[in-house]
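Residue strings, one per chain:
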Amino acid sequence: MFHPQTAERRGLHISFLGVDGIGKSTLSEQLVAELRGRGLTVTPVTWRSCLDADLPAWPQQALRTLWMDTFRLLFGGAVDRDEHVILPERYEEWTAQRSEDQLGRLRATASSPSGPLAAALVEFAGNVVLHAEVIRPALERGEVVVQETFPYKHVLKEYLLASELTTANANSPYSPEEVDFLFKPVEAFFGGGALSPDVGILVDGPVELALQWRLGQSGAVGVLEDLRTAGRPGDEGFIALQSASARRFHAFAQKYGWIVHTVRDAPVEENVRRGLDLVLAEIARARPSWSLMTSGTDFRAS
Ligand SMILES: Nc1ncnc2c1ncn2[C@@H]1O[C@H](COP(=O)(O)OP(=O)(O)OP(=O)(O)O)[C@@H](O)[C@H]1O
Ligand SMILES: [Mg+2]
């Protein structure tokens with residue numbers, strides 16, 4: 001019988017879910033340092049870092065073109081200052097023109113729902129490749145793979161954007177039910193299928209806090225963090241999109257047995273300490289033979 005999980009038994013896949021700016025990367029970076037301090041081989045994996053990493057043409061070319069296409073689909077139908085947004089086709093031009101930075105300055109208005117709906121599927125496709133060709137081999141080598149953002153987040157946002165545009169657009173080619181129909185199996189593949197991590201952590205907390213932290217960090221919400229391509233940019237669009245995401249994340253975490261770390265309006269060190277306690281206990285449960293939680297030892301002391 002074929003056991004798709006067996007090959008992954010040697011390593012451990014850890015992934016963080018949560019709304020934009022809620023502190024996933026902050027906690028994830030501390031976890032990486034903590035695990036390395038205990039002698040484990042830890043590999044942080046993001047799709048973005050694979051674009052310029054030392055990887056063979058397969059899968060790197062596919063990861064590059066799919067990456068550019070998610071943005072192209074999200075913004076291709078959008079209008080900025082009366083013109084459709086046009087993005088470069090080649091990765092070399094993409095980096096030379098700093099296309100992602102340029103997108104950050106757009107004030108795009110309503111695109112067609114076909115863009116974000118297709119973006120959700122391309123985002124999914126890219127993550128299928130990333131998992132099979134980058135994450136899984138690292139697990140087979142016995143490494144701890146830490147994914148600071150579980151990619152379900154991005155796919156969900158694109159799907160929510162498509163839903164918003166479908167509802168707002170009387171001429172939409174799809175009904176909200178049809179969009180939902182397409183999303184369900186994708187969600188199941190993330191939650192209970194091959195893409196699901198060994199240890200999944202939902203970083204939960206008020207979206208207003210996430211907004212406050214994001215504004216403190218970069219002065220404005222990011223290009224993919226509000227509903228700007230549905231005509232709702234800025235703080236209001238951020239709260240609307242992130243609140244809808246947070247509701248879906250709760251349901252997802254409950255359905256698929258993810259642990260929940262709730263952040264508070266407290267110093268970052270306090271939230272990180274509680275988060276690390278929770279995650280390390282969960283890792284110790286998942287891999288008892290690693291002896292991570294030797295009794296009486298304060299893991300932060302080293
Ligand atoms: N408990 C906290 N108190 C104050 N600020 C915090 C706290 N946790 C995180 N921050 C700050 O909030 C900002 C966003 O955090 P971070 O980048 O870790 O979020 P994220 O969930 O990874 O966001 P994204 O989804 O965009 O990747 C950072 O500036 C971080 O320092
Ligand atoms: Mg992050």
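Refer to the preceding data block for the structure.
Described in the following lines is the structure provided in the data block. Everything numeric here is computed off the predicted structure, so don't read it as measured data.

Calculation criteria
Residues numbered from 1 in each chain as written. Chains lettered and ligands numbered in written order. Predicted model: local features only at pLDDT ≥ 70, side-chain atom pairs only at ≥ 80, totals over all residues. Helix = DSSP H or I, 4+ residues; strand = E, 2+ residues; numbered from the N terminus. Rg over C-alpha atoms; globule rule 2.2 N^0.38 Å. Buried ≥ 20, exposed ≤ 12 C-beta atoms within 10 Å, placed from the backbone. Contact = placed C-beta atoms within 7 Å. Pairing = 2+ DSSP bridges. Axes fitted to C-alpha atoms, helices over the stretch in contact; angles between N-to-C directions. Near = placed C-beta within 6 Å. Nonpolar A, V, L, I, M, F, W, Y, C, P; charged D, E, K, R; others polar. Parallel < 35°, antiparallel > 145°, perpendicular 65-115°, else oblique. Left-handed = near helix turned anticlockwise from the far one by under 90°. Expected span 1.5 Å × (residues − 1). Bend = angle between axes of the 7 residues up to and from the residue.

With that settled, the discussion passes to the overall build of the chain. On a plain count of helices and strands, the chain comes out with 11 helices and 7 strands. In terms of overall size, the chain behaves like a compact globule, its C-alpha atoms giving a radius of gyration of 20 Å where 302 residues would be expected to give roughly 19 Å. Over its C-alpha atoms, taken along the principal directions, the chain stretches across nearly 65 × 45 × 40 Å. Counting only residues that meet the buried cut, the chain has 39% of its 302 residues in that class. Pairs at least 24 residues apart make up 78% of the contacts formed inside the chain by residues separated by at least 6 positions.

Turning our attention to the sheet that holds strand E1 (residues 12–17). Spatial strand order, E2-E5-E1-E6-E7: 5 strands in an open sheet with parallel pairing. Each edge of the open sheet carries a strand with a single partner, namely strand E2 (42–44) and strand E7 (259–262). Across this sheet, the average inter-strand angle for adjacent strands is 20°, counted without regard to direction. Bridge analysis of strand E6 (residues 199–204) against E7 gives 4 bridges, and the strand direction is parallel.

Okay, the site of ligand 1 next. Near ligand 1, the surroundings consist of 16 residues, among which Gly-23, Ser-25, Thr-26, Trp-213 and Gln-217 are the closest. Among the elements of the structure, helix H1 (24–37), helix H9 (207–218) and helix H11 (268–286) are those that each provide at least two residues to the shell around ligand 1. In terms of residue class, the shell around ligand 1 is made up of 5 nonpolar, 8 polar and 3 charged.

Their axes nearest at 8 Å, the elements helix H3 (residues 57–76) and helix H6 (residues 114–140) cross at an angle of 160°. Regarding the angle of H3 to H6, the classification is roughly antiparallel. For the pair H3 and H6, the crossing hand works out as left-handed. Between H3, through Pro-59, Ala-62, Leu-63, Leu-66, Trp-67, Asp-69, Thr-70, Leu-73, Leu-74 and Gly-76, and H6, the contact on the second element is made entirely by Gly-115, Pro-116, Ala-118, Ala-119, Val-122, Glu-123, Ala-125, Gly-126, Val-129, Leu-130 and Glu-133. Split into classes, the residues belonging to the contact of H3 with H6 amount to 14 nonpolar, 4 polar and 3 charged.

We now examine the environment of Leu-160. If you trace the backbone, Leu-160 turns up in helix H7 (residues 152–168). Once the C-alpha coordinates of Leu-160 and Ala-284 are considered, the two residues, 124 residues apart in sequence, prove to be 36 Å apart.

Another aspect to go through is unusual backbone geometry. Cis peptide bonds are those with omega within 30 degrees of zero, and the linkage from Trp-58 to Pro-59 qualifies with 15°. In this structure, Pro-59 sits in helix H3. Its identity is not glycine, yet Arg-98 carries a phi of approximately 50°, on the positive side. Its location among the elements puts Arg-98 in the loop between helix H4 (91–96) and helix H5 (99–103).

Right, let's talk about helix H8 (residues 176–192) for a bit. The end-to-end C-alpha distance of H8, which contains 17 residues, comes to 24 Å, matching closely the 24 Å that a straight helix rising 1.5 Å per residue would cover. In H8, a bend of some 25° at Phe-183 exceeds every other bend along the element, and Pro-185, a proline, comes one to four places later. Here H8 has its buried residues at Val-179, Phe-183, Val-186, Glu-187 and Phe-190. Packed against the buried residues of H8 are H6 and H7.

Further remarks concern the pairing of strand E5 (residues 144–147). Covered by surrounding structure in E5 are Val-144 and Val-146 together with Val-145 and Gln-147, the residues of both alternating faces. Pairing of E1 with E5 involves 4 bridges; the strand directions are parallel. Across the sheet, the residue bridging to His-13 is Val-145, located in E5. Across 3 bridges, E2 lies against E5 in parallel orientation. If you follow Thr-43 over to E5, its bridge partner there is Val-145.

A word on the pairing of E1. Burial analysis of E1 places 6 of its 6 residues in the buried class, which makes it a mostly covered element. Every second residue of E1 is oriented toward a common face, with Leu-12, Ile-14 and Phe-16 on one face and His-13, Ser-15 and Leu-17 on the other, all of them buried.

This paragraph deals with the environment of Ile-259. By secondary structure assignment, the location of Ile-259 is in strand E7. Look at Ile-259 and you get partly exposed, because 14 C-beta atoms sit within 10 Å. Once the C-alpha coordinates of Ile-259 and Phe-189 are considered, the two residues, 70 residues apart in sequence, prove to be 19 Å apart. Excluding residues that lie within four positions of it along the chain, Ile-259 makes contacts with Ile-201, Leu-278 and Glu-282.

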